[in-house]
Amino acid sequence: MARAQDLRQAITSVASRPGPVLSAYLSVNADIPENQGRTYLVRLRDALNDEGVPEELQQRVREYTEDETHPGARTLAIFADEDGLFEIYRLQVDVSESFRWGDPYVAPLMLVLDEYEPYGAAVLDAERFRYFVVSPLSSAHGEEEMKANGFSEVDVHPSEPYPRGGTDFDAESRRTEAHVHSFYKELGELTRDVTFREGVRRLILAGPRERTAEFRRTLPNELQDRVVAEEHVDLGSPEGEILDRLEAVRERAEHERKKELLDEIRESGVRGLDETVVALQEENRVYHLAALWELEAEIRWCDNDQLAIREITGEECPCCGQKTRVRPLTDVLVDLAAARGARLDFVLGEDENTDTLRDEFGGIAGLTRF
Ligand SMILES: [Zn+2]
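No experiment lies behind these values; they were computed from the predicted model shown.

What counts, and where the lines are drawn
- Residues numbered from 1 in each chain as written.
- Predicted model: local features only at pLDDT ≥ 70, side-chain atom pairs only at ≥ 80, totals over all residues.
- Heavy atoms only, no water.
- Helix = DSSP H or I, 4+ residues; strand = E, 2+ residues; numbered from the N terminus.
- Patch = residues over 30% accessible without salt bridge, like charges linked within 9 Å, V, L, I, M, F, W, Y side chains within 5 Å.
- Areas by Shrake-Rupley, 256 points an atom, 1.4 Å probe, with all protein chains shown as cover.
- Salt bridge = Lys/Arg side-chain N within 4 Å of Asp/Glu carboxyl O.
- Lys, Arg positive; Asp, Glu negative; His and termini not counted.
- Charge placed at Lys NZ, Arg CZ, Asp CG, Glu CD.
- Buried < 20%, exposed > 50% of the residue type's maximum accessible area, 1.4 Å probe, protein only.
- Arc of directions from axis to C-beta.
- Contact = heavy atoms within 4.5 Å.
- Axes fitted to C-alpha atoms, helices over the stretch in contact; angles between N-to-C directions.
- Parallel < 35°, antiparallel > 145°, perpendicular 65-115°, else oblique.
- Nonpolar A, V, L, I, M, F, W, Y, C, P; charged D, E, K, R; others polar.
- Donors = N, O, S within 2.8 Å, 3.2 Å for Na, K, Ca; no water.
- Tetrahedral: all angles 85-135°; square planar, octahedral: opposite > 155°, others 65-115°.
- Pairing = 2+ DSSP bridges.
- Left-handed = near helix turned anticlockwise from the far one by under 90°.

Participant: How should unusual backbone geometry be read in this particular structure?
Facilitator: Note: most residues except glycine have negative phi, and most peptide bonds are trans. Omega for the peptide link from Gly19 to Pro20 comes to 0°, which places this bond in the cis form. Here Pro20 is to be found in the loop between α1 (4–15) and β1 (21–27). The phi torsion at Arg38 lies on the positive side, around 55°, for a residue other than glycine. Structurally, the position occupied by Arg38 is in the loop between β1 and α2 (40–50). For Gln306, which is not glycine, the phi torsion reads 55° and is therefore positive. As for its position among the elements, Gln306 is in the loop between β13 (298–302) and β14 (307–309).

Okay, here's the thing in structure tokens:
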């Protein structure tokens with residue numbers, strides 16, 4: 001599993017390329033009707049042409065994507081240039097499609113890294129233990145096999161042999177129970193090590209309920225508050241089924257996390273475009289932003305100062321006098337959040353969170369330091 005830190009470094013190095021670089025975000029999500037029959041290959045070909053990407057590079061990108069019959073991702077992020085750069089990332093999230101030949105465009109990728117925290121899932125019963133990590137993105141050259149929903153399995157090797165025999169209700173299994181306990185204790189420590197190493201901040205425990213409860217009690221303290229869910233799962237189920245369950249739990253936990261963020265903003269935050277941009281850009285007191293993914297708005301931007309200009313008619317920058325341009329608000333938010341060190345959560349779909357954000361907060365809001 002490529003660590004978030006390594007990915008961050010790789011992305012930073014792409015961003016520092018002088019260009020021109022091809023930056024492409026291609027939707028390959030098989031669940032989206034527009035992608036039936038791999039029609040994204042046609043969109044890619046047209047876009048590469050439209051952007052004026054050199055023919056040789058076009059061919060290389062096309063060959064790579066055509067060979068991939070099951071991309072195992074929702075979005076492919078492709079970076080390539082004529083000096084040998086050829087990086088492909090698999091995103092387990094839907095990112096709006098875009099193609100650019102010019103300056104490297106890595107903001108959406110950075111956003112995915114920031115926004116979608118890796119989840120860990122410890123799946124166990126009395127005899128078995130498996131640890132899965134789901135990351136929002138992985139490099140195409142990852143050494144580990146990608147399973148359903150972007151999960152990959154991390155090998156965990158306890159020093160003791162796995163306890164065998166003895167069911168929970170077996171009167172003779174007292175010794176086995178003691179064995180299970182010490183087995184769990186060691187697994188707890190191994191889980192802590194893997195969790196820290198993989199940068200996992202949110203942990204799911206899955207298995208028979210009495211087992212996950214027991215395992216949770218034996219977990220090292222520093223791991224206790226990372227547990228976001230316990231889920232009753234039968235380890236005898238097919239792996240695909242287990243991973244679907246884990247993905248459903250992860251989505252529920254993410255929904256809860258965003259709901260809590262919005263509740264906190266309601267208590268002590270800023271809301272609406274004007275107030276939020278001022279607090280973020282001028283007062284530098286926003287540390288966590290929430291914005292609707294489908295924000296249709298546009299805003300003026302000064303390239304020279306890297307500042308949003310709130311006067312939509314202001315063709316000249318009030319700071320430096322240079323010409324401004326109009327940009328999609330979402331792009332500007334990504335840039336501003338990166339520059340000010342604020343975390344940015346986009347909220348998409350249709351649920352109570354998007355309702356709150358749209359109807360109560362005007363589409364954008366932020367949590368403030370003071
Ligand atoms: Zn300016």
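Participant: Would you mind showing me how to read a negative patch on the surface here?
Facilitator: A contiguous patch of negative charge on the surface is contributed by Glu256, Glu260, Glu264, Glu267 and Glu352. For the negative patch, the element with the highest residue contribution is helix α8 (residues 239–267), accounting for four residues. One can find Glu352 in helix α11 (residues 352–360). Note on Glu352: relative accessible area 41%, which makes it partly exposed.

Participant: Would you mind going over α2 with me for this structure?
Facilitator: Counting along an α-helix, one turn takes 3.6 residues, and residues three or four places apart therefore face a common direction. Among all positions of α2, only Tyr40, Leu41, Leu44, Ala47 and Leu48 are buried. One side of α2 holds all its buried residues, which, seen down the axis, span an arc of 130°. In this structure, the buried side of α2 is in contact with β1, α3 (55–67) and β4 (98–102).

Participant: Is there a simple way to explain the packing of α2 against α3 in this structure?
Facilitator: Packed helices, taken two at a time, are described by the angle between their axes plus the distance between the axes. Where α2 meets α3, the closest approach of the two axes is 11 Å, and the angle between their N-to-C directions is 170°. One element, α2, and the other, α3, form an angle in the roughly antiparallel class. Where α2 approaches α3, its residues Leu41, Leu44, Arg45, Leu48 and Asn49 are matched on the opposing element by Gln58, Val61, Arg62, Thr65 and Glu66. A breakdown of the residues in the contact of α2 with α3 according to their chemical character gives four nonpolar, three polar and three charged.

Participant: Help me understand the coordination of the zinc ion in this model?
Facilitator: Ideal coordination angles are 109.5 degrees for a metal with four donors arranged tetrahedrally and 90 or 180 degrees for a metal with six donors arranged octahedrally. Taken together, the protein donors to the zinc ion comprise Cys302 (SG), Asp305 (OD), Cys317 (SG) and Cys320 (SG), at separations of 1.9 to 2.3 Å. Each of the four donor atoms around the zinc ion contributes to a set of angles spanning 103 to 119°, which defines the coordination as tetrahedral. Within one chain, the residues serving as donors to the zinc ion are arranged as C-x2-D-x11-C-x2-C. Placement of Cys302 in strand β13 and of Cys320 in the loop between β14 and β15 (325–328) is noted, with a sequence separation of 18 residues between them. By relative accessible area, Cys302 is classed as buried at 0%. Residue class for Cys320 comes out partly exposed when judged on its relative accessible area of 30%.

Participant: What is the right way to look at the sheet that holds strand β6 (residues 129–134) in this model?
Facilitator: By way of backbone hydrogen bonds, the strands of a sheet pair with one another, either parallel or antiparallel. The strand order across the open sheet formed by five strands is β8-β6-β5-β9-β10, and the pairing between neighbours is mixed. Both outer strands of the open sheet, β8 (151–154) and β10 (227–232), are each paired with one neighbouring strand and no more. Each strand of the sheet is rotated relative to its neighbour by a mean of 25°, with strand direction disregarded. In this sheet, β8 lies alongside β6 in antiparallel orientation, the contact comprising four bridges. Bridge pairing links Phe132 to Glu153 in β8. Packing of helix α6 (residues 209–218) onto the sheet brings it into contact with β5 (119–124), β6, β9 (202–207) and β10, and relative to β10 it is tilted by some 155°. Sitting on the sheet, α8 is in contact with β5, β6, β8, β9 and β10, with an inclination near 140° to β9.

Participant: I tried to follow the packing of helix α9 (residues 273–282) against helix α10 (residues 329–340) on my own but got confused; where do I start?
Facilitator: Axis separation between α9 and α10 bottoms out at 10 Å; the angle between their running directions is 30°. With respect to α10, the axis of α9 lies roughly parallel. The interaxial crossing formed by α9 with α10 has left-handed handedness. Contact with α9, carried on its side by Leu273, Leu280 and Gln281, involves Leu329, Leu336 and Arg340 of α10 and no other residues of that element. When the residues that make up the contact of α9 with α10 are grouped by side-chain class, the tally is four nonpolar, one polar and one charged.

Participant: Just checking my understanding: could you explain the pairing of strand β3 (residues 86–91) for this structure?
Facilitator: Every other side chain in a regular strand lies on the same face of the sheet, so the side chains alternate between the two faces. A large share of β3 lies buried, amounting to five of its six residues. Taking the residues that link successive antiparallel strands as the turn, the strand β2 (residues 75–80)-β3 hairpin has five residues, and the phi of Gly84 there is positive, at about 100°.

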